[in-house]
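The primary structure of each chain is shown beneath.
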Amino acid sequence: MGASFAWNPDYGQKLIEFYRQTVRIRSYSDEEGELARLLEAKMRELGFDEVFIDPAGNVVGRVGSGSKIIHFDSHMDTVQVNDPDQWDANPFGAELVDGMVYGRGSVDMKGGLTASIYAAALANKAGLLDGKTVFVTGSVCEEYCDGVCLSHFYRYCGFKPDVCVICEPSDNTITLGHTGKVQARIKTHGISAHGSAPDKGVNAVYEMAEIITRVELLNQTLQTTPGAGTIVLSHISCETASLNAVPSECEIYLDRRLRVGETVAQVNAELDALVAGKRASWEPGTLRHTSWTGVELVYEPAHEPWAIAEDAPLTLICNAAYETIFGQPPHRYDYWDFGTNAVVPVSMGVPTIGFGPGEYKLAHMTNERCDPKKIEDACQFYTQLIALL
């Protein structure tokens, strides 16, 4: 069911050195260029058969030329650090403290990124690619635009993979899916008037007040409903002619997470109910970003939740790879409560699964940190998975 490979601790040490090098590079969303160039150079150094940066700014490495296409994806971008003085170590120092590497991106997700690069190179060197092509991507702007980067990548390269592995942090637990997401804007429409005569206008903020209460009540209902997701108001603003005027428009941005069994259509109905009877309307929470290469990224945040079956062929192969590397079958699976780039391959019908080093609850946090041993283990798992696919 596939060849094997020998793990060299020196190779693992080189992986960790490179991982720490990537953590030292600040790569906020839309600012991934320096990291992209570093990854490009490392892939070439490791003997990838083809390496390039696509127009959207994704770094792409290929090994092998077989008919079965295996795709490992990790995003390069990270969220920002707004509280460096609160960290126990430099957030861009990749310092080793009590056996953990500290830094922004140490969990989300430069461990999975570097481990997949080194795994593909090792699989190539070990002769595990008969009939296979492995693509590894370092993708852009995932933190804002789930999957848009992969839409650009697949369209540019003109292929559909047979298997996709999303290397998001899962503490090296096989992960079978993630929540869905709908983001939307609600706007209330008032009538401007001078602040000295508010009765002549309609205050859009007051119109929004009841809607905000409805949002809070909806979330309370969802949290007491088995199998339901969540909704949160994440941003609010208003338009007013001046500080002496009645606001003419108010806008809130909502983030609704969907559990398996919930649908985008269901959320659309919830949004209709939130604005019912008010001077209000809602629209999709479309986001627009410009990648570090200057390409416009347009994100439509409306995704169903997804899960791959425990007895799906890809899951069973992952189980076999896990048992080979860790010496025992997986005792449990995980399910991410956040979105990932998986939304695109899943929408294309590509069997997709998740696995990556790092505890995802530490992502985006002060003192984000990861055990480097988990990164070496992930690299071995990815290599064994390539061998078995």
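The structure this text deals with has already been given above.
None of these values were measured; they are calculated from a predicted model.

Chemist: Explanation requested: the pattern of salt bridges in the structure shown.
Modeler: Opposite charge on two side chains lets them pair, provided their charged atoms get close. Counted according to the given criterion, the structure contains 19 salt bridges. When the shortest N-O distance is used, the salt bridge between E50 and R62 registers 2.9 Å. Highlighted residues: E50 in strand β1 (residues 50–53) and R62 in strand β2 (residues 59–64), separated in sequence by twelve residues. Looking at E50, the relative accessible area reads 33%, which means it is partly exposed.

Chemist: Just to check I follow, could you spell out the nonpolar core for this structure?
Modeler: It is characteristic of soluble globular proteins that their nonpolar side chains tend to be buried jointly. Counting 92 residues, the largest nonpolar core has F48, F72, V134, F381 and Y382 as the members making the most contacts within it. Those residues in contact with F381 that sit more than four places away from it in its chain are I174, C318, A321, Y322, I325 and F355. Ranked by size, the runner-up nonpolar core spans 21 residues in total, among them V182, A184, M208 and L271.

Chemist: When you look at the packing of aromatic side chains in this model, what are you seeing that I'm missing?
Modeler: Working definition: an aromatic ring pair is given by the centre-to-centre distance plus the angle between the planes. One pass over the full model with this rule turns up 17 aromatic pairs. Residues W7 and Y11 carry aromatic rings whose centres are separated by 5.9 Å and whose planes lie at 90° to one another, so their mutual orientation is edge-to-face. Look at W7 and you get partly exposed, because its relative accessible area is 22%. Geometrically, the ring pair formed by F18 and Y118 is tilted, given 6.1 Å between the ring centres and 35° between the ring planes. Highlighted residues: F18 in helix α1 (residues 9–23) and Y118 in helix α3 (residues 110–125), separated in sequence by 100 residues. There is no split in this pair, since F18 and Y118 are both buried. Put simply, the rings of W7, Y11, F18 and Y118 touch in pairs and so form one group of aromatic residues.

Chemist: Would you mind showing me how to read the pairing of strand β13 (residues 287–290) here?
Modeler: Along a regular strand, successive side chains alternate from one face of the sheet to the other. By the alternation rule, side chains of β13 split into L287 and H289, which are all buried, and R288 and T290, of which none is buried. Of the strand pairs in this sheet, β13 and strand β14 (residues 296–299) are connected by four bridges, and their pairing is antiparallel. Bridge pairing in β14 links R288 to V298. Adjacent in sequence and paired antiparallel, β13 and β14 are bridged by five residues, among which G294 carries a positive phi angle near 95°.

Chemist: Hey, could you run me through the layout of surface pockets in this one?
Modeler: Rolled over the atoms, a probe sized like a water molecule indicates the empty space that remains. For the largest pocket, the calculated volume is near 760 Å³. Forming the boundary of the largest pocket are 29 residues, of which K181, D255, R257, F338 and H364 lie nearest the centre. Residue contributions to the lining of the largest pocket peak at five residues, all from strand β10 (residues 230–239). Of the residues assigned to the lining of the largest pocket, the class counts are ten nonpolar, eight polar and eleven charged. Size it by volume and the second largest pocket reaches roughly 180 Å³. Around the second largest pocket, the lining residues are A6, N8, D10, Y11, K14, L46, A121, L122 and K125. Among the secondary structure elements, those contributing two or more residues to the lining of the second largest pocket are α1 and α3. Residue composition of the lining of the second largest pocket, by class: five nonpolar, one polar and three charged.

Chemist: Is there a simple way to think about the sheet that holds strand β4 (residues 96–97) in this case?
Modeler: Hydrogen bonds between backbone groups are what pair the strands of a sheet, and the pairing can be parallel or antiparallel. With antiparallel pairing, three strands are arranged side by side in an open sheet as β4-β5-β19. Edge positions in the sheet fall to β4 and β19 (369–370), since each has one partner strand and no second. As judged from the two bridges shared by strand β5 (residues 100–102) and β19, these two strands associate in the antiparallel manner. Residue pairing for β19: V101 is matched across the bridge by C370.

Scoring rules and cut-offs
Residues numbered from 1 in each chain as written. Predicted model: local features only at pLDDT ≥ 70, side-chain atom pairs only at ≥ 80, totals over all residues. Heavy atoms only, no water. Salt bridge = Lys/Arg side-chain N within 4 Å of Asp/Glu carboxyl O. Helix = DSSP H or I, 4+ residues; strand = E, 2+ residues; numbered from the N terminus. Buried < 20%, exposed > 50% of the residue type's maximum accessible area, 1.4 Å probe, protein only. Core = buried A, V, L, I, M, F, W, Y, C linked by side-chain atoms within 4.5 Å. Contact = heavy atoms within 4.5 Å. Phe/Tyr/Trp six-rings, centres within 6.5 Å; stacked < 30°, edge-to-face > 60°. Pairing = 2+ DSSP bridges. 1 Å grid on protein atoms, 1.4 Å probe; cavity = no way out; pocket = protein on both sides within 12 Å on 5 of 7 lines; lining within 4 Å. Points joined across faces, edges and corners; volume = space filled by probe spheres on them. Nonpolar A, V, L, I, M, F, W, Y, C, P; charged D, E, K, R; others polar.

Don't take any of this as a statement about function, it's just geometry.
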